[in-house]
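Next come the chains, spelled out residue by residue.
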Amino acid sequence: MYEPIRTKSVHSTAPSDGYPHRTREEELDIQLAGHLSALLTVTDELALSEPAERIAAQITRLRGAAPVRRTAVGAGDPHVLHRRAHALAGRALVVAASRADTTVAILAAERMDAHAAALDAPRLVGAH
């Protein structure tokens, strides 16, 4: 009644094409390290040394190498930098929760709280 399948299925497993493929966990590690690196850049720009060191330690743990750091502190608008840092910490929190990395999730939540508090603080008139 049915004719046997004579060709290879298009629904087969991944081809063994010789290229290395990353696991989901490896992809999440890369993504998390990227978000933390962006957060580190903004944190360095805000001259927050203690949080920057904690973030750098987590990047080192994830990548196996110390991150490249900014040496000069910019003169960016602190309000804009805190808003950017808050968003980056939120992204890091989502990825950390996805990969069940409690240490980074706690760090990201703390940074979100700190930047939210800085955003809620009254701005000085004439300050940048």
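A quick note: this is a predicted structure, and the numbers were derived from the prediction, not measured.

*Asks:* Is there a simple way to explain unusual backbone geometry in this structure?
*Replies:* Excluding glycine, residues mostly carry a negative phi; peptide bonds, for their part, are mostly trans. Backbone geometry places Ala47, a non-glycine residue, at a positive phi of 60 degrees. Of note, Ala47 is situated in the loop between helix H1 (24-45) and helix H2 (49-63). Owing to a relative accessible area of 52%, Ala47 belongs among the exposed residues under this scheme. The phi angle at Ala100 is positive, at roughly 60 degrees, despite the residue not being glycine. Position of Ala100 among the secondary structure elements: in the loop between helix H3 (78-98) and helix H4 (102-120).

*Asks:* Just checking my understanding: could you explain H3 for this structure?
*Replies:* Structurally, the α-helix is built with 3.6 residues per turn, so residues lying three or four positions apart point the same way. Taking 1.5 Å of rise per residue, the 21 residues of H3 would be expected to cover 30 Å, and the 30 Å separating its terminal C-alpha atoms lies within 8% of that figure. The complete set of buried residues in H3 reads Leu81, His82, Ala85, Leu88, Ala89, Gly90, Ala92, Val95 and Ala96. Capping the start of H3, Asp77 holds a side-chain oxygen 3.2 Å from the backbone nitrogen of His79, two or three residues further along. Phi turns positive, to about 60 degrees, at Ala100, one or two residues after H3.

*Asks:* It is not clear to me how the side chain of Ser37 should be interpreted in this structure. Could you clarify?
*Replies:* The residue Ser37 is located in helix H1 in this model. Beyond its immediate chain neighbours, meaning those up to four positions away, Ser37 contacts Ile59 and Arg63.

*Asks:* How should I be thinking about the nonpolar core in this particular structure?
*Replies:* Most often, soluble globular proteins have nonpolar side chains that are buried together. With 25 residues, the main nonpolar core has Leu32, Leu36, Leu39, Leu40, Val42 and Ile55 as its most contacted residues. Look past the residues within four positions of Leu39 in its chain and what remains in contact with it is Ile55, Ala85, Leu88, Ala89 and Arg111.

*Asks:* Quick question: what am I supposed to make of the pattern of salt bridges here?
*Replies:* As a working rule, side chains carrying opposite charge can pair if their charged atoms are close by. Taken as a whole, this structure holds 7 salt bridges when the rule is applied. Asp29 is paired through a salt bridge with Arg99; the nearest N and O atoms lie 2.4 Å apart. Pair noted here: Asp29 is in helix H1 and Arg99 is in the loop between H3 and H4, with a separation of 70 residues, a long-range link. Exposure remark for Asp29: the relative accessible area of 21% places this residue in the partly exposed category. On the basis of relative accessible area, Arg99 is assigned to the partly exposed category, the value being 24%. Between Glu53 and Arg69 there is a salt bridge, and its shortest N-O distance comes to 3.2 Å. Linking Glu53 in helix H2 with Arg69 in the loop between H2 and H3, this pair joins segments that are 16 residues apart in sequence. A relative accessible area of 47% means that Glu53 is categorised as partly exposed. Arg69 sits in the partly exposed class, given a relative accessible area of 29%.

What counts as what
- Residues numbered from 1 in each chain as written.
- Predicted model: local features only at pLDDT ≥ 70, side-chain atom pairs only at ≥ 80, totals over all residues.
- Heavy atoms only, no water.
- Helix = DSSP H or I, 4+ residues; strand = E, 2+ residues; numbered from the N terminus.
- Buried < 20%, exposed > 50% of the residue type's maximum accessible area, 1.4 Å probe, protein only.
- Expected span 1.5 Å × (residues − 1).
- Polar contact = N/O pair within 3.5 Å; in protein donor to acceptor, adjacent residues only side chain to side chain.
- Contact = heavy atoms within 4.5 Å.
- Core = buried A, V, L, I, M, F, W, Y, C linked by side-chain atoms within 4.5 Å.
- Salt bridge = Lys/Arg side-chain N within 4 Å of Asp/Glu carboxyl O.

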